[in-house]
Amino acid sequence: MAIPRNMNPAEQEFDLFSSPFYLIAHVDFKYHEDLDRVMQKYDVDRTTYRLLSVLLAVGLENIKVICEHALVKRSTGSRAIDRMLERGWVRTESNEEDYRSTTVELTAEGKKIAGMLRQSTSKQLERAADGLSAAELKQLASILRRMTENLGRLQIE
């Protein structure tokens, strides 16, 4: 595989502004900049948003797995889940066989909040994808998935 010289940080021709990771970081920043405004309306922080999104996608699941999918540390996720429990957005259940394991599930109110947030993110995707075809979006998702898998199994050094 040949990485274009302008995208390879080790090359003299490297152009930061063409770097895939630089561009991904900018997309992520702009996405979250908009999302923060939407989340304020619902008194939701980024961690809670991520957990709500994951729970809406996976249903009943172990806290450890939910936090891994949401890209949050378990301690941070557990505190956010406690706040969501107080608000009536989730219910939890301890595993009788392993007292360290707790499963979490959205309540009807949690599904409602997560659904409203999902509608807002849909508007962001429409704006971000302006001028892209469905095939290009699928290709982008496939490429990002493959890069994530590669980074998950290969170490830098």
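Residues numbered from 1 in each chain as written. Predicted model: local features only at pLDDT ≥ 70, side-chain atom pairs only at ≥ 80, totals over all residues. Heavy atoms only, no water.

Engineer: Talk me through the overall build of the chain; I want residue IDs and the actual numbers.
Structural biologist: Per the secondary structure count, the chain includes 6 helices and 3 strands. Each helix and strand of the chain, ordered N terminal to C terminal, gives the series α-α-β-α-α-β-β-α-α. Its C-alpha radius of gyration of 19 Å places the chain more than 25% over the 15 Å reference for a compact globule of 157 residues. In terms of its C-alpha atoms, the chain occupies a principal-axis envelope of roughly 55 × 35 × 25 Å. (Helix = DSSP H or I, 4+ residues; strand = E, 2+ residues; numbered from the N terminus. Rg over C-alpha atoms; globule rule 2.2 N^0.38 Å.)

Engineer: How would you explain the packing of helix α2 (residues 46–58) against helix α3 (residues 63–70) if you had to name every residue and give the values?
Structural biologist: When two helices pack together, their arrangement is given by the angle between their axes and by how far apart the axes lie. Packing of α2 against α3 brings their axes to within 9 Å, and their N-to-C directions diverge by 115 degrees. When the axis of α2 is compared with that of α3, the two are roughly perpendicular. Between α2 and α3 lies a crossing whose hand is right-handed. Listed contacts from α3 to Arg50, Leu51, Val54 and Leu55 of α2 are Ile66, Cys67, His69 and Ala70. The residue inventory of the contact of α2 with α3, partitioned by class, reads 6 nonpolar, 1 polar and 1 charged. (Axes fitted to C-alpha atoms, helices over the stretch in contact; angles between N-to-C directions. Parallel < 35°, antiparallel > 145°, perpendicular 65-115°, else oblique. Left-handed = near helix turned anticlockwise from the far one by under 90°. Contact = heavy atoms within 4.5 Å. Nonpolar A, V, L, I, M, F, W, Y, C, P; charged D, E, K, R; others polar.)

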